[in-house]
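Spelled out from the first residue to the last, the chains are:
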Amino acid sequence: MTGPRGRRGMDGDPGSPGAPGISTWRVNNTAVRELLIPPSIPGYSRAEDPLLVREGDHVRLRCTAAGHPPPKVVWRRQDGGAIATGRWKDGSVESPVMNLTHVRRDHSGVYRCEAFNGVPPDAYRSYRLEVQFEPYLKVLEWKVGSHNGSSARLECAVEAHPTAETHWEDSMGRRLVTTDRVVVRYEPDRHVEWRGRMTLMVVDLRATDYGDYHCIARNSLAITRGLVSIYGETGRCCETGRCCETGRCCETGRCCETGRCCETGGCCETGRCYETGRCCETDWKAEIGSRLFVPATGTTAGISYGPDPPEYSELFNDLCPPPTVCPICPTPPSGNEGQHHCLNIGQLAGRSYEGFQNRSQECQVSAVGKPVFHRHTNASYGSWMQEAQSMSASEAPPHFYTTDPASSFSLLEFTDKDTFRRNQHHKNHTLPYPFTGNSHVVYNQTFFYHERNSSNLVRYELWSGVASKLRLPMLAVDTSNFLYSSGQDYIDLSVDENGLWAIYGLHNRNNNTVVAKIDPNSLKIEYSWNISLSHQKFGDMFITCGVLYVINSTTQKDTKIRLAFDLYTQNVREVDIDFTNPFQHTTMLGYNPHTKVSGRTGTSLTSLVFIMDIINDFCRVPAQEIYSWDSGNQLSYPIKYSTEHVDGRTSSRDRGRVPSLLDLG
């Protein structure tokens, strides 16, 4: 007797795709005379792989389809919007090739080509076009009237790609942050990723709040500054030279009559200018800038700052000549990926060392957060550091330090992060020897740096002025032996949980990388690794918990950390960590093991536009930081890692002595 039916089992895995079919038609039972083949689009493309172009460039999107009958190809925007094809906007474009001449920012988006010939199924292909352009600001209300005790709202519309970092400054150039009377906010557009709005709200207005304010947007292409002013409204006399009623101005609380000039150089009669050079009624554009478009009074056109998008251009069937056929290039040697599993590691030839202490903490970096903006300078090269204190050092808050390659005998010291942002240094240390490069460290109130035109590492005590030197073995200093693919460093100094490290390259042999563990007090080399890693093929390196991490590039916006080498166990760790260079010119990178960040760090600017918020994991767990110098922008990155404290002594293969595997003689 059959029992009851059991419950339905779990669904199986999807099967493999079937082979494309061929449809045929038989008409009135006659023989088949023609094969009907559905359309297909050969090649490979993913919508998530963007095509990056600059505004004003020419773009050609190609979608060649095969099938029988020959299929038609139609282009549409995935968001359903119209395609700007010159002075007209079309819902679709029917052509295997779509040319966009002098692309604009509103051409950004996903374009989908559809091939069909009446034989199902249709074929589709998507392309993501991203148009990059300099920040563009538009101010609709460029003069905001208010009075004492009231409030004022200032707004700037922002357009930029890559996404811009934004902030407000007052007339003295001071960066504004949210306080009890000032609210700084940035609201990204929910529909257009390259558009947003900056807002500055000032409440409980005082006499000192009247004047000019600047909305500033910066991305990797340019910096754009806008101007908005707060003035006193009709009927309220303000202090020291501010305006009262229409056509009047006051000096120390006293207004003059309509059409007459103030002693401080205010407005005169219509069409006339005061002796001090300030313009009146018909010539007031000079106060804003003669190069800017200024709307007539009462209009809503606004004032724009930054380059306008190009005019719409017509599409052409053949915009460019046929491409030149290039000769077949030989197969290149294996790249960086091939080195990871065939590294040779040994002690630097001809040297013997006493070994180094065991490490007390195991950790591995699992993620690097979004960059946090702290300050901008006009120098492309430089370094900034927060003092890395040892565990036995004083509990006083660590200071900040900066160097400028143009002043190679100077080290500037700042008492805290606020004075660092305002560039108000507390002390200027005069160094006994000039430095070179940008990868220095300040460790336990001592500055370690590379002496210019030498192979010497200098140890300079900041409190006493005493200096000592260490000559690094087999380090050659010339312009052909820079450490990384970009930058001007010969030595990369690093401090982690275990102490002081030096990374440098061997010259004119095989471009091996040398990592030296150095006693920060005696300047004795505790151990030195010789690694068969070609240092000039990578962008930068840093060390944390005794593990060497290698960054692929410092000039690409989005790059990877794919190599981690444990210096204690000589094991390669598999990692795949995202890293970003927002301004695409990182010339300094350093790790600090003794700075903790939790939640939002840095300037706490709510207007950071390459969204500087740290991901949820970083908000729950305190993390260390990486410092960088990117096109004059001083940034920090929170990092997340898994930590395991090791009690007692480590195993023998985790000790300081490492067997020699490579002898360069």
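Residue numbers here run from 1 along each chain, matching the order of that chain's written sequence. Thresholds applied to this predicted model are a pLDDT of at least 70 for local features of residues and 80 or more for the giving and counting of side-chain atom pairs; totals over whole chains, interfaces and linings are not thresholded and use all residues. The side-chain figures draw on all heavy atoms in the structure; neither hydrogens nor water molecules are used.

1. Describing the overall build of the chain
Point 1. Numbering goes from the N terminus for both helices and strands, where a helix is a DSSP run of H or I of at least four residues and a strand is a run of E of at least two. A count of helices and strands for the chain gives two helices and 45 strands.
Point 2. For every residue, the accessible area (1.4 Å probe, protein chains only) is compared with the maximum for its type, and the residue is labelled buried under 20%, exposed over 50%, or partly exposed between those bounds. When the 665 residues of the chain are sorted by exposure, 48% land in the buried category.
Point 3. Residue exposure ignores everything except the shown protein chains as possible cover, and the areas themselves are Shrake-Rupley values with a 1.4 Å probe. A total accessible area of about 34,600 Å² is found for the chain, and carbon and sulfur atoms account for 48% of it.

2. Structural notes on the state of the cysteines
Point 1. Cysteine sulfur atoms are paired as a disulfide whenever they come within 2.5 Å of each other. Within this structure, the stated rule accounts for three disulfides.
Point 2. In this model, Cys-156 is linked to Cys-215 through a disulfide, with the two sulfur atoms separated by 2.1 Å. Disulfide Cys-156 to Cys-215: torsion about the S-S bond roughly -75°, handedness left-handed. You can see Cys-156 sitting in strand 14 (residues 152-161) and its partner Cys-215 sitting in strand 19 (residues 211-218), a full 59 residues away along the chain. When sorted by exposure, Cys-156 lands in the same class as Cys-215, which is buried.

3. As for the packing of aromatic side chains
Point 1. Working definition: rings of Phe, Tyr and Trp (its six-membered ring) pair if their centres are within 6.5 Å, and the pair is stacked with planes under 30 degrees apart, edge-to-face with planes over 60 apart, and tilted otherwise. Tallied over the full model, the rule gives 14 aromatic pairs.
Point 2. Between the aromatic rings of Trp-384 and Phe-400, the centroid separation amounts to 6.3 Å while the plane-to-plane angle is 10°, which identifies the pairing as stacked. Here Trp-384, found in strand 27 (residues 383-386), pairs with Phe-400, found in strand 28 (residues 400-404); they are 16 residues apart in sequence, far enough to count as distant.
Point 3. Note on criteria: charge over ring means Lys NZ or Arg CZ within 6 Å of the ring centre, with the direction from the centre no more than 35 degrees off the ring normal. Sitting over the face of the ring of Phe-133, Arg-105 holds its NZ or CZ atom 4.1 Å from the ring centroid.

4. What about the side chain of Ser-108?
Point 1. By the element assignment, Ser-108 lies in the loop between strand 10 (97-100) and strand 11 (109-116).
Point 2. Polar contacts, as used here, are pairs of N or O atoms within 3.5 Å; protein pairs need one atom able to donate a hydrogen and one able to accept it. Residues neighboring in sequence count only if both atoms are side-chain atoms. A polar contact is formed between the side chain of Ser-108 and the backbone nitrogen of Val-131, at a distance of 3.1 Å.
Point 3. The contact criterion used throughout is that any non-hydrogen atoms of two residues lie within 4.5 Å. Ignoring any residue separated from it by four or fewer positions in sequence, one finds Ser-108 in contact with Arg-77, Leu-129, Glu-130, Val-131 and Trp-194.

5. Quick notes on the nonpolar core
Nonpolar side chains tend to gather and get buried jointly when the protein is soluble and globular.
Point 1. Among buried residues, the Ala, Val, Leu, Ile, Met, Phe, Trp, Tyr and Cys ones that are joined through side-chain atoms within 4.5 Å form a nonpolar core. Ranked by internal contacts, the top residues of the largest apolar core, which has 28 residues, are Leu-154, Trp-168 and Leu-200.
Point 2. Elements supplying a minimum of two residues to this core: strand 12 (123-139), strand 14, strand 17 (182-188), strand 18 (195-202), strand 19, strand 20 (223-232) and strand 23 (303-305).
Point 3. When residues in this core are grouped by element, the largest group, five residues, is from strand 14.
Point 4. Among residues more than four places away in sequence, those in contact with Leu-154 are Val-144, Trp-168, Met-198, Thr-199, Leu-200, Tyr-213, Val-228 and Ile-230.

6. Some details on the pairing of strand 36 (residues 499-505)
Point 1. Of all seven residues that make up strand 36, seven are buried, and the element is covered over most of its length.
Point 2. A pair of strands is labelled paired if DSSP reports no fewer than 2 bridges between them. Of the pairings in the sheet, the one linking strand 35 (residues 491-496) to strand 36 comprises six bridges and is antiparallel in character. Residue Asp-496 lies in a different strand from strand 36, and its bridge partner there is Gly-499.
Point 3. Bridging between strand 36 and strand 37 (residues 513-518) involves six bridges; their strand directions are antiparallel. Of the residues in strand 37, the one forming a bridge with Tyr-504 is Val-514.

7. Some details on the sheet that holds strand 40 (residues 547-551)
Point 1. Strand order in this open sheet of four strands is 39-40-41-42, and the pairing throughout is antiparallel. At either margin of the open sheet sits one strand with a lone partner, and together these are strand 39 (540-544) and strand 42 (571-580). Strand-to-strand twist across the sheet, computed as the mean angle between neighbouring axes with direction ignored, equals 25°. The axes are straight lines fitted to the C-alpha atoms, using for helices just the contacting stretch, and the angles between their N-to-C directions are given from 0 to 180°.

8. Section: the sheet that holds strand 16 (residues 175-176)
Point 1. Sheet architecture is open: five strands sit in the order 13-20-19-15-16, paired in mixed fashion. Edge positions in the sheet fall to strand 13 (143-146) and strand 16, since each of these pairs with one other strand and no more.

9. Here we look at the pattern of salt bridges
Point 1. Whenever a carboxyl oxygen of Asp or Glu lies within 4 Å of a side-chain nitrogen of Lys or Arg, that contact is scored as a salt bridge. The full count for this structure, using the stated rule, is 23 salt bridges.
Point 2. The residue Arg-105 makes a salt bridge to Glu-55 at a minimum N-O spacing of 2.9 Å. Taken together, the positions of Arg-105 in the loop between strand 10 and strand 11 and Glu-55 in the loop between strand 3 (50-54) and strand 4 (59-62) put the pair 50 residues apart, joining distant regions of the chain.
Point 3. Since its relative accessible area comes to 3%, Arg-105 is described here as buried.

10. Brief notes about unusual backbone geometry
Point 1. Following His-68, the chain continues into Pro-69 via a peptide bond in cis, with omega recorded as 0°.
Point 2. Relative to the helices and strands, Pro-69 resides in the loop between strand 5 (66-68) and strand 6 (72-77).
Point 3. Going from Pro-120 to Pro-121, the amide bond is cis rather than trans, its omega being 0°.
Point 4. Considering the arrangement of structural elements, one finds Pro-121 in the loop between strand 11 and strand 12.
Point 5. Although it is not a glycine, Asn-423 adopts a positive phi angle of roughly 60°.

11. Regarding the environment of Ser-126
Point 1. One can find Ser-126 in strand 12.
Point 2. Between the alpha carbons of Ser-126 and Cys-63 there is a distance of 9.4 Å; along the sequence they are 63 residues apart.

12. Overview of the environment of Gly-109
Point 1. By the element assignment, Gly-109 lies in strand 11.
Point 2. Taking the relative accessible area as the measure of exposure, Gly-109 reaches 17% and is therefore buried.
Point 3. For the pair Gly-109 and Val-192, spaced 83 residues apart in the sequence, the C-alpha separation amounts to 9.4 Å.

13. So, the environment of Lys-524
Point 1. Relative to the helices and strands, Lys-524 resides in the loop between strand 37 and strand 38 (525-531).
Point 2. On the accessibility criterion, Lys-524 (55% relative accessible area) is exposed.
Point 3. Taking the C-alpha atoms as reference points, Lys-524 and Leu-470, 54 residues apart in sequence, are found 7.8 Å from one another.
Point 4. In this structure, Lys-524 is in contact with Lys-517, Ile-518 and Asp-519, ignoring residues within four places of it in sequence.

14. Re the side chain of Ser-553
Point 1. Tracing the sequence through the fold places Ser-553 in the loop between strand 40 and strand 41 (558-566).
Point 2. Given a relative accessible area of 9%, Ser-553 falls into the buried group.
Point 3. Excluding residues that lie within four positions of it along the chain, Ser-553 makes contacts with Gly-539, Thr-559 and Asn-581.

15. With respect to the pairing of strand 11
Within a regular strand, side chains alternate between the sheet's two faces.
Point 1. Judged by how many residues are buried, strand 11 sits mostly within the fold: six of eight residues are covered.
Point 2. Direction of pairing for strand 6 relative to strand 11: antiparallel, over a ladder of six bridges. For Lys-72, the partnering residue across the bridge sits in strand 11 and is Phe-116.
Point 3. Between strand 11 and strand 12, which follow one another and run antiparallel, lie six residues, and Gly-118 among them has a positive phi close to 90°.

16. Details of the confidence of the model for the chain
Point 1. Summarising the model, the chain shows a mean pLDDT of 76, and 71% of its residues fall at 70 or more.
Point 2. Scored from 0 to 100, pLDDT reflects the predictor's confidence in each residue. Across residues 315-319 the pLDDT falls below 50, and counting only partners more than four positions away or on other chains, this stretch makes 14 contacts in the model.
Point 3. Contacts from residues 598-622, a stretch scored under 50 in pLDDT, to residues over four places away or in other chains number 64 contacts.

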